[in-house]
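Reading the structure
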Amino acid sequence: MLTEISQVVVLAFGAIVCAMSLWGLAAPEKMMTFVYGAMEKDWGIHLAVGLRVLLGAALLVAAPGSRFPLLFEILGWIAIVAAVAILLMGRERLHKIVAYFKGLPGAMIRGWLVFGAAFGVLLVYGMV
């Protein structure tokens, strides 16, 4: 039961990451304004940490049943370490990082979002 739930969580994350990345490819300024605005809110950093922990745990549980068990396990641990890193860096540093990316030209943001879309596709493909 837990494995199936984890697989659904990974599939959902993959679809959402892919959709957000595609939205960003079409309108990078709007997507970055949305992300920047979320990070300014009190709940923004908590959401960023919570989603990474959830994804990391789901990847670890779902890894054995995926197409890429070792890769999904590694990605799960990376997500959990990233959540801890965000907590340690704090709101001000995270805000500066997001502000840096918001200030990049649209073409550079689109370049990063291609990787985001590919990551989303990898998550979905690895679970189906």
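First, a word on what this report is: a plain description of the structure on this page. Predicted, not measured: the structure shown is a model, and the values here were computed from it.

This part takes up the overall build of the chain. Across its full length, the chain holds 5 helices and 0 strands. Listed by position from the N terminus, the elements making up the chain come as α-α-α-α-α. Since a compact globule built from 128 residues should have a radius of gyration of about 14 Å, the 15 Å found for the chain is in line with a globular shape. Structurally, the chain occupies a C-alpha span of about 40 × 30 × 20 Å along its principal axes. Long-range pairs, those at least 24 residues apart, make up 77% of the contacts in the chain between residues at least 6 apart in sequence. Considering the chain, the positive charge centre built from 9 side chains and the negative charge centre built from 6 side chains are found 7 Å apart.

Of all hydrophobic cores here, the largest spans 12 residues; its members are Val9, Val10, Phe13, Leu55, Ala58, Leu59, Ala62, Ala63, Phe72, Leu75, Leu123 and Met127. Those elements that provide at least two residues to this core are helix 1 (2-26), helix 3 (42-62), helix 4 (69-102) and helix 5 (106-127). The element that contributes the greatest number of residues to this core is helix 3, accounting for 4 residues. When neighbours within four sequence positions are excluded, Val10 is seen to be in contact with Ala58, Leu59, Ala62, Phe72, Leu123 and Met127. In terms of nonpolar packing, the next biggest core, distinct from the first, is built from 9 residues, Tyr36, Met39, Val49 and Leu94 among them.

Take the packing of helix 1 against helix 3 next. At a minimum axis distance of 8 Å, the contact between helix 1 and helix 3 shows a crossing angle of 125 degrees. Relative to helix 3, the element helix 1 lies oblique. Crossing hand, helix 1 versus helix 3: left-handed. Residues Leu2, Thr3, Ser6, Gln7, Val9, Val10 and Phe13 of helix 1 form the contact with helix 3, whose participating residues are Leu51, Leu54, Leu55, Ala58, Leu59, Val61 and Ala62.

On to helix 3. Along its 21 residues, helix 3 runs 31 Å from first to last C-alpha, staying within 8% of the 30 Å computed at 1.5 Å per residue. Considered for burial, the residues of helix 3 that qualify are Gly44, Ile45, Ala48, Val49, Leu55, Gly56, Ala58, Leu59 and Ala62.

A few words now on helix 1. The terminal C-alpha atoms of helix 1 lie 36 Å apart, and with 25 residues this matches the ideal 36 Å at 1.5 Å per residue to within 8%. By the burial criterion, the buried members of helix 1 are Ser6, Val9, Val10, Phe13, Gly14, Cys18, Ser21 and Gly24. The secondary structure elements touched by the buried residues of helix 1 are helix 2 (28-40), helix 3, helix 4 and helix 5.

Here we come to the side chain of Ser21. Relative to the helices and strands, Ser21 is located in helix 1. Contacts of Ser21, omitting those with residues within four sequence positions, involve Leu113, Gly116 and Ala117.

Conventions adopted
Residues numbered from 1 in each chain as written. Predicted model: local features only at pLDDT ≥ 70, side-chain atom pairs only at ≥ 80, totals over all residues. Heavy atoms only, no water. Helix = DSSP H or I, 4+ residues; strand = E, 2+ residues; numbered from the N terminus. Rg over C-alpha atoms; globule rule 2.2 N^0.38 Å. Contact = heavy atoms within 4.5 Å. Lys, Arg positive; Asp, Glu negative; His and termini not counted. Charge placed at Lys NZ, Arg CZ, Asp CG, Glu CD. Core = buried A, V, L, I, M, F, W, Y, C linked by side-chain atoms within 4.5 Å. Buried < 20%, exposed > 50% of the residue type's maximum accessible area, 1.4 Å probe, protein only. Axes fitted to C-alpha atoms, helices over the stretch in contact; angles between N-to-C directions. Parallel < 35°, antiparallel > 145°, perpendicular 65-115°, else oblique. Left-handed = near helix turned anticlockwise from the far one by under 90°. Expected span 1.5 Å × (residues − 1).

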